[in-house]
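Structural characterization, general
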Amino acid sequence: MATLEKIRSKSVFLIVVIGIALLAFIVGDAITNGRNLFGSGSTVAEVDGVKVDIAEYQDQLNKLQEAMQAQGQDVDQQLLSEYALESILNQKLMARAAERLGINVSDEQVTYYIMTNPQKPMQDFISTYGRQLGTLLAQEGKISPETQLTPQVVYSFVFTPEKYGLTEDQVLGAKKAWMQMEKETRETIAQILYMNLLTSAYKPNALELDDLYAMQNGSATVDVARKPFGTLDEKKYPVSDAEIQAEYDKRKAAYRVLEPTRTVAFVAQNITPSAEDVKAANSLKEQTLKAMRAGQQPGKDLTKEGVRYDRRTAAASAADPQIASFLKSAPVDSLGVFDRGGSFHIVRVVATTAANDSVEIIPFYAATDVADQVKERIRAGVSADSLATLFPQKAQASAAQWQRLQNPASRQGMPPAALAALDSVSAGSFVTIETSDEGSAIAYVKSVRPKVTVYEYEDAYYDLYPSDDTVDAAREAFEKLAAANKDPKKFADAVKKAGYFYQTYAVNASTPAFQQGPQSYFPKSRDLVEWVMTEGETGAVSPVFSNDDKQQPVIYMAYVENEYDDFAPATDSRVRKELEARVRASKAGDALVKQYSGKGSVEATAQAMGVTPVTDEQVRFFGSMNVQDPAVAAAISGTQPGSKVYVVKGQDGVYAYVVKAQNKPEGIRLDQQLRQTYQRALNPVSLLRGRMPVDNNIFKLTRSH
């Protein structure tokens, strides 16, 4: 595309780039002045006096979105808000810690971390202002398009603009941004130095080194059998409220929260096409088939209902597999009908031809007065770099590349005349892609792959999605269910019986959205989190929310069960469920230990358990494949070898084991590696934040509705 851009108007591009730079300067100045006039703005979040302003948050969010778009990353947008806020808070906490420690950063260090070892502030500056100015100068022929945007080169653009024919006004915004980048780099260096000091001070003592070495290299050889608890009978192992409260009192610290939190019952439904929707789609298929049989395109009435029509030209390899199979064997003017559960394609073969499947080309640009000379050089195999040297500012070329031709997506953006030429061209030919008074974009055809059959065919198709009536009916059913079941237990039973997705979540202002899987969230469920945190009160049922996707609609609803701001109470449904499971497992463990003790060997105990024992298992302090319960693994590590069979309860079942040997650590002890392992466990941000509460006002200040 660079060769095509070369022959387009440069004046428009110049105006756009200058406009962007000036706009950035004006907006930045306006924001600064606005803060001076109207105060420091609203605080989105605060931890221990460290505040995040809404303008800072929005700026960070915009940067993250731009970075994702530039890299083509597919990350749930709902996560960006949480990440933006966390990154600002963490950076500010680190900066404050460095300042309190009295860390000073020299100008020489700033220069080093900008010019020699550029950190993120400089990297961001290059990707924005550096790229803008570099593209502008390359288009104007002031620098080569291959010029590497190093910190030194970008500095030259910004602070010696006259060397490149730029005015001071054109780089004013970039200069201001450079000053801000220097400030951010200084802060980054202070944090690096602080982290280095903290890490160097965080060292294991002699006993800790011994423990680390033993944990990594020592083991116990055991024979072991495990009887998993599985699903425990509630009647056989009943749990009382008093037992739940006693377990809660022991574990209360585990249920501390650092933000106001609400427990909600979240309900979701994926809406699929109804029987009526499928029936309507079949009627559309019959009407479309009738029109196609008559040699006509689908009429306006069908188009209004969502039936689409295209006349396609492509090789079979570019078509849907079923349609491709039909094209390969069907005679001209024959019809193929492909029904996909309501969605359909109706295909008519129009004609077949033979054309080049793909060609290897060298795209290049040549000014009119040197075009013939450039062609001779290209044919002779002159490299792209040499071509630019031989014809400065009058020619440039790209490396050889294969261009697929018989795929509609590959043909987009190419002039029809050029495509027609490439379809039938032979190796060694030149094809003009685009031309102007200044010069031409040309492709040298280096080689050609064998011709393939190309099919011209009509395709009338329809994609079945839930109708508005179907979505409205689903919403109405949701609303009726909520209205009829205000009690938490009734609400849970009703949604489960109806077959909806149902899950209980603990939600606070830092919750990005409702989680669907380990690394995925329900689309647009952040809107429902917002409602929970701004309007939801205990006992309230939310309105019905939607992902606003016509093709794959999902609707959501939430029932607010509880709210708390220090510790989740024992009565909370999620907490109670966990406590009840622990108490029941403990009771079952006591009973099973009593049942399986005294059987003799591990083999005999395993037989009584109905499981297969594992012999000579190597168990370290942190466990093994067959001993994953941490308490049991620790007990094994501290047991002396002998013949005694121990039957103990764990969190996930009952274990029977005999320790046959305690194996001393083997290998060379490398204390430096052990220290590094110890230091890697240091989490400075967690250390700085501790258990300080978070005042998070993000939803109150960024409400979408």
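Counting restarts for each chain: residues are numbered from 1 in the order of the written sequence. Side-chain atom pairs in this predicted model are given and counted only at pLDDT of 80 or more, local residue features only at pLDDT of at least 70, and totals for whole chains, interfaces and linings cover all residues. Side-chain calculation: all heavy atoms of the structure are included, whereas hydrogens and water are not.

Here the focus is the overall build of the chain. In DSSP terms, a helix is any run of H or I states spanning at least four residues, a strand is any run of E spanning at least two, and both are numbered starting from the N terminus. A tally of helices and strands in the chain yields 26 helices and 22 strands. For the radius of gyration, the atom set is restricted to C-alpha positions; the globular benchmark scales as 2.2 Å times the number of residues to the power 0.38. For a compact globule of 705 residues, the expected C-alpha radius of gyration is about 27 Å, and the chain comes in at 35 Å, more than 25% above that figure. C-alpha extents for the chain along the principal axes are approximately 95 × 75 × 60 Å. For the chain, restricting intrachain contacts to residue pairs at least 6 apart in sequence, the fraction spanning at least 24 positions comes to 72%. Of the roughly 38,200 Å² of accessible surface on the chain, a fraction of 51% belongs to carbon and sulfur atoms. Neither His nor the chain termini are counted; the positive set is Lys and Arg, and the negative set is Asp and Glu. Every charge is mapped onto a representative atom, which is NZ of Lys, CZ of Arg, CG of Asp or CD of Glu. Averaging the locations of the 78 positively and 87 negatively charged side chains of the chain gives two centres separated by 4 Å. By the convention used here, residues are in contact when the closest approach between their heavy atoms is within 4.5 Å. All accessibility values rest on the Shrake-Rupley procedure with a 1.4 Å probe; residue burial counts only the protein chains present in the view.

Once that is clear, we can look at the pairing of strand β2 (residues 50–53). Only strands that DSSP links by at least two bridges are regarded as paired with each other. Bridge analysis of strand β1 (residues 43–47) against β2 gives four bridges, and the strand direction is antiparallel. Opposite Thr43, over in β2, you have Asp53 as the bridge partner. Hairpin connection between β1 and β2: a loop of two residues separates the two successive antiparallel strands, and Asp48 in this loop has a positive phi of roughly 50°.

Attention now moves to the sheet that holds strand β22 (residues 694–696). With respect to topology, three strands assemble into an open sheet ordered β2-β1-β22, the strand pairing being antiparallel. Of all strands in the sheet, those bounded by a partner on one side alone are β2 and β22. Within the sheet, the average angular offset between the axes of one strand and its neighbour, ignoring direction, is 10°. For β1 and β22, the ladder comprises three bridges, and the chain directions are antiparallel. Opposite Ala45, over in β22, you have Asn696 as the bridge partner. Where helices are involved, their axes are fitted lines through C-alpha atoms of the stretch in contact, as for all axes, and angles between N-to-C directions lie from 0 to 180°. Helix α4 (residues 77–100) rests against β1, β2 and β22 of the sheet, and its axis sits at about 140° to β2.

Further remarks concern the environment of Ala97. Among the secondary structure elements, Ala97 is positioned in helix α4. Each C-alpha atom, one on Ala97 and one on Met195, is 9.8 Å from the other, the two residues being 98 residues apart in sequence.

Two faces make up the sheet, and in a regular strand the side chains alternate between them. Two elements, strand β11 (residues 430–435) and strand β12 (residues 439–448), share five bridges in a ladder whose sense is antiparallel. Its bridge partner lying in β12, Val431 is registered against Ala443.

Our focus in this paragraph is the side chain of Gln406. Summarising the element assignment, Gln406 is placed in the loop between β10 (401–404) and α16 (408–411). Polar contacts, as used here, are pairs of N or O atoms within 3.5 Å; protein pairs need one atom able to donate a hydrogen and one able to accept it. Residues neighboring in sequence count only if both atoms are side-chain atoms. A polar contact of 3.0 Å, which involves the side chain of Gln406, links it to the side chain of Asp423. Those residues in contact with Gln406, other than ones at most four positions away along the chain, are Ala314, Ala315, Ala318, Ala355, Asn356, Asp357, Arg411, Asp423, Val452 and Val454.

Further remarks concern the sheet that holds strand β13 (residues 451–462). Within a sheet, neighbouring strands are paired by backbone hydrogen bonds and run either parallel or antiparallel to one another. Spatially, β5-β13-β7-β6 is the arrangement adopted by the four strands of the open sheet, whose pairing is antiparallel. Strands at the two margins of the open sheet, each flanked by one partner only, are β5 (308–315) and β6 (335–340). Going from strand to strand, the sheet's axes swing by 25° on average, the running direction of each strand aside. Sheet topology note: the β6/strand β7 (residues 343–356) ladder contains six bridges and is antiparallel. Across the sheet, residue Phe338 finds its bridge partner in β7, namely His345. Contacting β6, β7 and β13, helix α11 (residues 275–293) runs over the sheet at an angle of about 40° to β7.

What follows deals with the nonpolar core. Nonpolar side chains tend toward joint burial in soluble globular proteins. Among the nonpolar cores identified, the biggest contains 36 residues, and Tyr57, Val264, Phe266, Val507, Phe514, Leu528 and Tyr556 are the most heavily contacted of them. The contact partners of Phe514, leaving out residues within four places of it in the chain, are Val264, Phe266, Tyr505, Val507, Tyr521, Phe522, Ser525, Leu528 and Val529. Grouped together as the second largest cluster of nonpolar side chains are 33 residues, Leu136, Leu137, Ala138 and Ala177 included. Among buried residues, the Ala, Val, Leu, Ile, Met, Phe, Trp, Tyr and Cys ones that are joined through side-chain atoms within 4.5 Å form a nonpolar core. Burial classes follow relative accessibility: with a 1.4 Å probe on protein chains only, a residue under 20% of its type's maximum area counts as buried, one over 50% as exposed, and anything between as partly exposed.

This brings us to the packing of helix α6 (residues 120–139) against helix α8 (residues 168–201). Across the interface, α6 lies against α8 with an axial gap of 9 Å and an inter-helix angle of 165°. Here α8 runs roughly antiparallel to α6, going by the angle between their axes. Our pair here, α6 against α8, has a crossing hand that is left-handed. Only Gln170, Val171, Gly173, Ala174, Ala177, Trp178, Met181, Glu184, Thr185 and Thr188 of α8 make contact with α6, whose side of the interface consists of Pro121, Met122, Phe125, Tyr129, Leu133 and Leu136. Taken together, the residues of the contact of α6 with α8 sort by class into 11 nonpolar, four polar and one charged. Orientation categories follow fixed angle ranges, with anything under 35 degrees roughly parallel, anything over 145 roughly antiparallel, 65 to 115 roughly perpendicular, and all other angles oblique. A crossing counts as left-handed when the near helix is turned anticlockwise from the far one by less than a right angle, and as right-handed when that turn is clockwise. Residues are grouped as follows: Ala, Val, Leu, Ile, Met, Phe, Trp, Tyr, Cys and Pro are nonpolar; Asp, Glu, Lys and Arg are charged; every other residue, Gly included, is polar.

Quick look at helix α23 (residues 630–637) now. Given 3.6 residues per helical turn, the α-helix brings residues three or four places apart onto the same face. Restricting attention to buried positions, one finds in α23 the residues Val632, Ala633 and Ile636. All buried residues of α23 fall inside an arc of 100° around its axis, so they share one side. Facing away from the buried side of α23 by over 90 degrees, the exposed positions are Pro630 and Ala631. Buried residues along α23 sit against β3 (219–228), β19 (614–619), β20 (646–649) and β21 (653–663). By the N-cap criterion, in which a side-chain oxygen at the helix start approaches the backbone nitrogen of a residue two or three places on, α23 is capped by Asp629, the distance to Ala631 being 3.0 Å. Comment: arc refers to directions from the helix axis out to C-beta atoms.

We define a salt bridge as a contact between a side-chain nitrogen of Lys or Arg and a carboxyl oxygen of Asp or Glu at a distance within 4 Å. Within the structure shown, the criterion is met by 35 salt bridges. Residue Arg262 is joined to Glu563 by a salt bridge in which the shortest nitrogen-to-oxygen separation is 3.5 Å. Here the residue Arg262 occupies a position in strand β4 (residues 261–270), and Glu563 occupies one in strand β18 (residues 554–564), the gap between them amounting to 301 residues. Classification of Glu563 by relative accessible area gives partly exposed; the value is 35%. The partner of Lys489 in a salt bridge is Asp493, and the shortest N-O contact between them spans 2.8 Å.

What follows concerns the environment of Ala45. Residue position: Ala45 is located in strand β1. When its relative accessible area of 0% is taken as the criterion, Ala45 is described as buried. Put simply, Ala45 and Ala509 are 464 residues apart on the chain and 9.6 Å apart in space, counted from C-alpha to C-alpha. Not counting residues up to four positions away in its chain, the partners in contact with Ala45 are Val50, Lys51, Val52, Leu85, Leu89, Asp695 and Asn696.

The contact between helix α10 (residues 241–251) and helix α21 (residues 573–596) brings their axes to 9 Å, and the two run at 100°. Looking at the two axes, α10 sits roughly perpendicular to α21. Contact residues: Asp241, Glu243, Ile244, Glu247, Tyr248 and Arg251 in α10; Val575, Arg576, Glu578, Leu579, Glu580, Arg582, Val583 and Lys587 in α21.

Right, let's talk about the packing of aromatic side chains for a bit. When the centres of two rings from Phe, Tyr and Trp lie within 6.5 Å, Trp using its six-membered ring, the rings pair. Their planes under 30 degrees apart give stacked, over 60 give edge-to-face, and anything left gives tilted. Tallied over the full model, the rule gives 23 aromatic pairs. Here Phe125 and Trp178 contribute two aromatic rings whose centre-to-centre distance is 5.2 Å and whose plane-to-plane angle is 85°, an arrangement assigned as edge-to-face. Placement of Phe125 in helix α6 and of Trp178 in helix α8 is noted, with a sequence separation of 53 residues between them. Centre to centre, the rings of Tyr505 and Phe514 are 5.2 Å apart; their planes meet at 75°, and the pair counts as edge-to-face.

A few words on α4. Its 24 residues place the ends of α4 35 Å apart at the C-alpha level, agreeing with the 34 Å of an ideal helix rising 1.5 Å per residue. Where α4 ends, the next residue or the one after it, Gly102, has phi of about 80°, a positive value. What a helix is expected to span follows from its residue count: subtract one and scale by 1.5 Å.

The next subject is the confidence of the model for the chain. Considering every residue of the chain, the mean pLDDT works out to 87; 94% of them sit at 70 or more. On a scale of 0 to 100, pLDDT captures the predictor's confidence in every residue. Within the model, the stretch residues 1–40 combines pLDDT values under 50 with 50 contacts to residues more than four positions away or in other chains.

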